[in-house]
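Analysis of the macromolecular model
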Amino acid sequence: MTLIDGKKISELIKKEIAAEVLKIVASGKRAPHLAAVLVGHDGGSETYVAAKVKACELVGFESTLIRFEENVSENELLQCIDQLNHDAAIDGFIVQLPLPKHISEEKVIESIDPKKDVDGFHPVNVGRVVAGMPAFVSATPFGIMELLRRYKIETSGKNCVVIGRSNIVGRPMSILLSQKGVDCTVTLCHSKTKNLKEVCMQADIIVAALGLPEFLTADMVKEGAVVIDVGTTRVPSDQTKSGFKLKGDVKFDEVAPKCSYITPVPGGVGPMTIASLLYNTLLSNEHKIYP
Ligand code: NAP
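First, a word on scope: everything that follows refers to the structure included in this document. The structure displayed is predicted, hence computed values, not measured ones.

Procedures and definitions
- Residues numbered from 1 in each chain as written.
- Predicted model: local features only at pLDDT ≥ 70, side-chain atom pairs only at ≥ 80, totals over all residues.
- Heavy atoms only, no water.
- Helix = DSSP H or I, 4+ residues; strand = E, 2+ residues; numbered from the N terminus.
- Rg over C-alpha atoms; globule rule 2.2 N^0.38 Å.
- Buried < 20%, exposed > 50% of the residue type's maximum accessible area, 1.4 Å probe, protein only.
- Areas by Shrake-Rupley, 256 points an atom, 1.4 Å probe, with all protein chains shown as cover.
- Lys, Arg positive; Asp, Glu negative; His and termini not counted.
- Charge placed at Lys NZ, Arg CZ, Asp CG, Glu CD.
- Contact = heavy atoms within 4.5 Å.
- Pairing = 2+ DSSP bridges.

1. Overview of the overall build of the chain
- Within the chain, the secondary structure is distributed over 10 helices and 11 strands.
- Relative to the compact-globule value of 19 Å for 291 residues, the chain shows a C-alpha radius of gyration of 19 Å, a close match.
- Across its three principal directions, the C-alpha atoms of the chain cover 50 × 40 × 35 Å.
- Put simply, the chain has 291 residues, and 48% of those count as buried.
- Looking at the chain as shown, the accessible area adds up to about 14100 Å², and 54% of this sits on carbon and sulfur atoms.
- Across the chain, the 33 positively charged side chains and the 35 negatively charged ones have centroids separated by 4 Å.

Written out as structure tokens, the structure reads:
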């Protein structure tokens, strides 16, 4: 069994990005600039945004953090997005999800200029991914594809089961895996899927993205399968300072011995998501997606 080290690969990608930033700045152009919009004080969101800002510093990007209180109006938030859309000094920005209930996430995502949508959530970018056109690809699925590529994991003709059909992980993942050149035969599963265990037993590659800790057990995985664990649920823990720890969707201890490759949680998919976001911002700065 090979442990897929997302932390190591993400460090490597960040080094590659940092080298590219040095070249950009040496050529007299400005460094890539990522902005993040954070609404409220949700612990998870605070942690993710702080990690994104820190990662920007590490690779030599400019970063801007815009904070709003929980009670910000939808209009105020949309105005901020409009300003960011028109700010020529910003290459890309993200609005950290989830948003408070009185704000429509759909409206917010649709108001982001697709050319600055480095999270890849805008329907234009999603549509371009489906059509096989250049696009900002949703960071988590993008990161997973990069892990498969860098570990030289064979995908062509493989049966792949994706568990979870969210717009930001499961569904784009299923599309990327079925693209020409990747060539998996993909089954996309969700809460209404019948006989999930039997479906999973047919899989050469399983991507678990449902948000239910330790859902995928050894009896659902065939010998030699590749297992990618996207789940990151915070569960209470008295062993950590923060009082919680992250749990994946895979019962790692019993599944890992059956796998050819598996990602751990933490240190698997999570760090790749941030690296992919930085990469998308670099692509935006260099006008590589929308020339
Ligand atoms: P989500 O929007 O809540 O979607 C969950 C999906 O799982 C839904 O499609 C749901 O089906 C399906 N599901 C729920 N229970 C199921 C069951 N018993 N059997 C089969 N399918 C089931 O979640 P998400 O945003 O995609 O996130 C999934 C997990 O990934 C979460 O733990 C999240 O924290 C994590 N995540 C991690 C990263 C990272 O960087 N590592 C990034 C994003 C998300 P229905 O559609 O039928 O309801």
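So much for the structure itself; the text now carries on.
2. Digging into the side chain of Asp249
- Along the chain, Asp249 falls in the loop between strand 10 (244-247) and helix 9 (252-255).
- Apart from the residues lying within four places of it in its own chain, the contact partners of Asp249 are Ala208, Ala209, Leu210, Gly211, Leu212, Pro213, Glu214, Phe215, Leu216, Asp229 and Gly231.

3. Some words on the pairing of strand 8 (residues 226-229)
- Alternating positions in strand 8 separate into two faces, Val226 and Ile228 on one and Val227 and Asp229 on the other, with burial throughout.
- Bridge analysis of strand 7 (residues 205-208) against strand 8 gives 4 bridges, and the strand direction is parallel. By the bridge assignment for strand 8, Ile205 is matched with Val226.
- Bridge count for strand 8 against strand 11 (residues 261-262) is 2 bridges, and the pairing is parallel.

Keep in mind these values describe shape, not function.
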